[in-house]
Every structure is written in C-alpha cells, then in structure tokens.
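Coordinate analysis (summary)
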Amino acid sequence: MIPKLWIPLMVSALGGALATASVVAWPSAVSAKPAAAAPAGGKALTRELRLAPDGLRWGIPLQLVAKLHDDAFDADYVDRLKAAQPGPEMSALDAELADKKALLRRTKIEFGTTPTGLDQGPLKGEYSYNNGESLAKIQLSGGTVRYYFFFGDKLWKAYDEYKLGPSSKLGTSWEDAVKSLSTLFGGAPQMLEADYSIGRSFPEAVWMTNTVHIRAINRDYQKIVAVAFADRGVQESLTKHRPNKLVDPSAMDRSVRDAINRDPKPSGPPPKTDSKAPAKK
C-alpha cells in the first residue's frame, strides 16, 4: 500500500481561498488504484481527489455533513475562544460560532413539486424537481460559497463558487482559471460549450477520476468560476435518478386543449343532394 499525504488543494495553491477543513485534497503519491478509462464526458486523471472536511464522503446525510463542519468550526475557533475574555467578548464569539454552525441546516431547500426562486439563477440545471433532491449552502472561510446537493438526503455533489479578480489565484479570466485548475488536477480537461437543449447553461471544463466527476463552470457575467465535484456514478446515471418532471403550472389542461383544437369540420360523408330537382330561377 502506497502511503498518502493528504494536502489541502485550494488552500496551498489558491492562497487560502477555502478553509483547510473545506477543501479538496489529493495524495502526494499516486494511488495504487489506477484511474478508470475516460468516458465521453471528460478525461480521467491519474490520481484520486478527496473532499474535505475529513470524513466527508458521498452518500452521507445532511446532518452528518453539518456535524463535520461543526467540528471544523470548533477547531477554527479554539484559539480565539481561549484568548477571549469572559463576558461580552466570549459571548459574542460563542454566538458567532453558533450562527455559523446553524447556517448549513437553516439553508436547506427541498425540490418537491413547487418551483423555487433558484430557477431564476445560475444553479438552474444543477437539480430537478419531484425526485427527492435537496440542497444546503454554507459560507466557507475565505469567502467561498459551497452548495451541497442530495438525492434522498444522500450527498452526491458539492458546488463551490470562486470570485475571479487580481487577487484570485484562479486569475482574472475563464482561461486563467482552466489553466490553473488543469495544473492542480494534473491533467487537461475536455472543453464543452453551453448547450441549453441538454441543460448546460454555461461553458464547462470537465475532468474525471475513478470516483469523482469534476466540472469547472464559466459564469463569466458574474466574474465567477464554479467548481462542481460529484459522485461519478450518480452523475453518469442522472436519467435514472431523475425519472420525474415538474408539471408546468401554466400548461393548458389536456381536455381544454383538445376542445380548443377540435376540428370544426363535420365528420362523416357529405349530405346527399337530389340531382333531379329543378334548378331555381
């Protein structure tokens, strides 16, 4: 078994863009497990990536994801709480910590049979309705926003948003970001253009490992590059996981549509006429 040293990917390479407990990490040595062959959706990397905080894995419920972040926040606040003076200062820190812990649970959205306000934003296409899906959001250290996506309360995707700009280690442009991520992931991606017919709203760069499907998403109009890490098995079988479609509330009832579109011409043969009748003058 090859020993592995798990190194914070985004913290070390992107200058603290994410908290240490909320990053993707990979082993310094190549895993003994070979990468799978690359499907049409992307190119396989030769090393595996792992999501953090420690213990985060596909298939766990929201409450466990939140508990992992609780532990990470506790670790982040240890020194500050030790240095705080008893009284208002410590109370303020306790309240701040409690608010951070509550955020992930408080932001849960379930995609049932009622449309949500997210349909008007850039996350449209990252979820479906009436298939047991939900999401929750958390603010990470460094300003990064992460969304967790669930099927039946089982984690299958993490979606991180990174601001582009002069101070960003991803650079100031989409091209800079793809180049930086290619270096970090250890391989070039497959580049895909936006295709609204299949629900791809933005240009994407796609990478693969044995277990993780990775998409960098070009939200250039917001100067944001999002990076989505998904369970590869789920990502490649989304049609199976999403059999139901949301009923369009503005769609016309079928019986009404049929009545409106009914052919006004009478059915059956035309009426017979008496050819021997005298012509009218």
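Look a little higher up for the structure.
Bear in mind that the values here come from a model prediction, so they are computed numbers and not experimental data.

Scoring rules and cut-offs
- Residues numbered from 1 in each chain as written.
- Predicted model: local features only at pLDDT ≥ 70, side-chain atom pairs only at ≥ 80, totals over all residues.
- Heavy atoms only, no water.
- Helix = DSSP H or I, 4+ residues; strand = E, 2+ residues; numbered from the N terminus.
- Buried < 20%, exposed > 50% of the residue type's maximum accessible area, 1.4 Å probe, protein only.
- Contact = heavy atoms within 4.5 Å.
- Axes fitted to C-alpha atoms, helices over the stretch in contact; angles between N-to-C directions.
- Parallel < 35°, antiparallel > 145°, perpendicular 65-115°, else oblique.
- Left-handed = near helix turned anticlockwise from the far one by under 90°.
- Nonpolar A, V, L, I, M, F, W, Y, C, P; charged D, E, K, R; others polar.
- Expected span 1.5 Å × (residues − 1).
- Salt bridge = Lys/Arg side-chain N within 4 Å of Asp/Glu carboxyl O.
- Phe/Tyr/Trp six-rings, centres within 6.5 Å; stacked < 30°, edge-to-face > 60°.
- Lys NZ or Arg CZ within 6 Å of the ring centre and 35° of its normal.
- Core = buried A, V, L, I, M, F, W, Y, C linked by side-chain atoms within 4.5 Å.
- 1 Å grid on protein atoms, 1.4 Å probe; cavity = no way out; pocket = protein on both sides within 12 Å on 5 of 7 lines; lining within 4 Å.
- Points joined across faces, edges and corners; volume = space filled by probe spheres on them.

**A word on the overall build of the chain**
Scanning the chain from N- to C-terminus turns up 7 helices and 12 strands. Per-residue burial for the chain yields a buried fraction of 41% across its 281 residues. Put simply, 53% of the contacts in the chain that link residues at least 6 apart link residues at least 24 apart.

**Some details on the packing of helix α2 (residues 62–83) against helix α3 (residues 88–106)**
It is the contact of α2 with α3, at a shortest axis distance of 9 Å, that shows an interaxial angle of 160 degrees. Considered as vectors, α2 and α3 are oriented roughly antiparallel to each other. In the packing of α2 onto α3, the handedness of the crossing is right-handed. From α2, Leu62, Gln63, Val65, Ala66, Lys67, His69, Asp70, Phe73, Asp74, Tyr77, Arg80 and Leu81 reach across to α3, where they touch Met90, Leu93, Asp94, Glu96, Leu97, Lys100, Lys101, Leu104 and Arg105. For the contact of α2 with α3, the residue count by class is 10 nonpolar, 2 polar and 9 charged.

**Details of unusual backbone geometry**
Positioned with a positive phi, Asn130 is a non-glycine residue whose angle comes to about 65 degrees. Assignment of secondary structure puts Asn130 in the loop between β5 (109–111) and β6 (133–139). In this structure Asn130 comes out as partly exposed when scored by relative accessible area, which is 35%. Located in the positive-phi region is Lys223, a residue other than glycine, with phi close to 55 degrees. Along the chain, the position of Lys223 falls in the loop between β11 (212–219) and β12 (224–231). Look at Lys223 and you get partly exposed, because its relative accessible area is 37%.

**Concerning α3**
It helps to recall that an α-helix has 3.6 residues per turn; residues three or four apart then point in one direction. Helix length check: α3 (19 residues) gives 26 Å between terminal C-alpha atoms against 27 Å at 1.5 Å per residue, within 8%. Of all the positions in α3, only Leu93, Leu97 and Leu104 are classed as buried. Residues of α3 that are buried make contact with α2, β6 and β7 (145–151).

**Here we look at the pattern of salt bridges**
Taken as a whole, this structure holds 13 salt bridges when the rule is applied. In this structure, Asp74 and Lys101 form a salt bridge, with 2.7 Å as the shortest nitrogen-oxygen distance. Within this pair, whereas Asp74 is found in helix α2, its partner Lys101 is found in helix α3, the two being separated by 27 residues in sequence. Residue classification places Lys101 among the partly exposed residues on the basis of a relative accessible area of 22%. A salt bridge links Glu96 to Arg80; its shortest N-O distance comes to 3.6 Å. One end of the pair, Glu96, is in helix α3; the other, Arg80, is in helix α2, and 16 residues separate them in sequence. In this structure Glu96 comes out as partly exposed when scored by relative accessible area, which is 33%.

**So, the packing of aromatic side chains**
If you walk through the whole model with that rule in mind, you get 9 aromatic pairs. A ring pair is formed by Phe111 and Tyr129, whose centres lie 5.7 Å apart and whose planes are at 85 degrees; its orientation type is edge-to-face. Residue Phe111 is located in strand β5, and its partner Tyr129 is located in the loop between β5 and β6; the two are separated by 18 residues in the primary sequence. Among the residues examined, Phe111 registers a relative accessible area of 2% and is labelled buried. Above the ring of Tyr77, the side-chain terminus of Arg80 is found at 4.7 Å from the ring centroid.

**Things to note about the environment of Glu133**
As for its placement among the helices and strands, Glu133 is situated in strand β6. Judged by its relative accessible area of 3%, Glu133 falls in the buried class. Separated by 21 residues in sequence, Glu133 and Gly112 have C-alpha atoms that sit 7.6 Å apart. Each residue touching Glu133, except ones within four places of it in the same chain, is listed here: Ile109, Glu110, Phe111, Glu126, Tyr127, Ser128, Phe150, Phe151, Trp156 and Arg242.

**Focus: the nonpolar core**
In terms of nonpolar packing, the biggest core is built from 39 residues, with Tyr148, Phe185 and Ile214 touching the most fellow members. Among residues more than four places away in sequence, those in contact with Ile214 are Leu45, Leu49, Phe185, Ala205, Val206, Trp207, Thr209, Val227, Ala228 and Phe229. Core analysis: the next-biggest nonpolar cluster, separate from the first, contains 18 residues, Tyr127, Tyr147, Phe149 and Ala226 among them.

**Description of the layout of surface pockets**
Considering only enclosed or pocket space, the largest pocket measures out at about 1100 Å³ in volume. The wall of the largest pocket is formed by 35 residues, among which Gly125, Ile198, Gly199, Leu238 and Arg242 lie closest to the centre. Looking at the lining of the largest pocket, the elements that each hand over two or more residues are β8 (154–163), β10 (204–208), β11 and α6 (238–241). Partitioning the lining of the largest pocket into residue classes produces 14 nonpolar, 11 polar and 10 charged.

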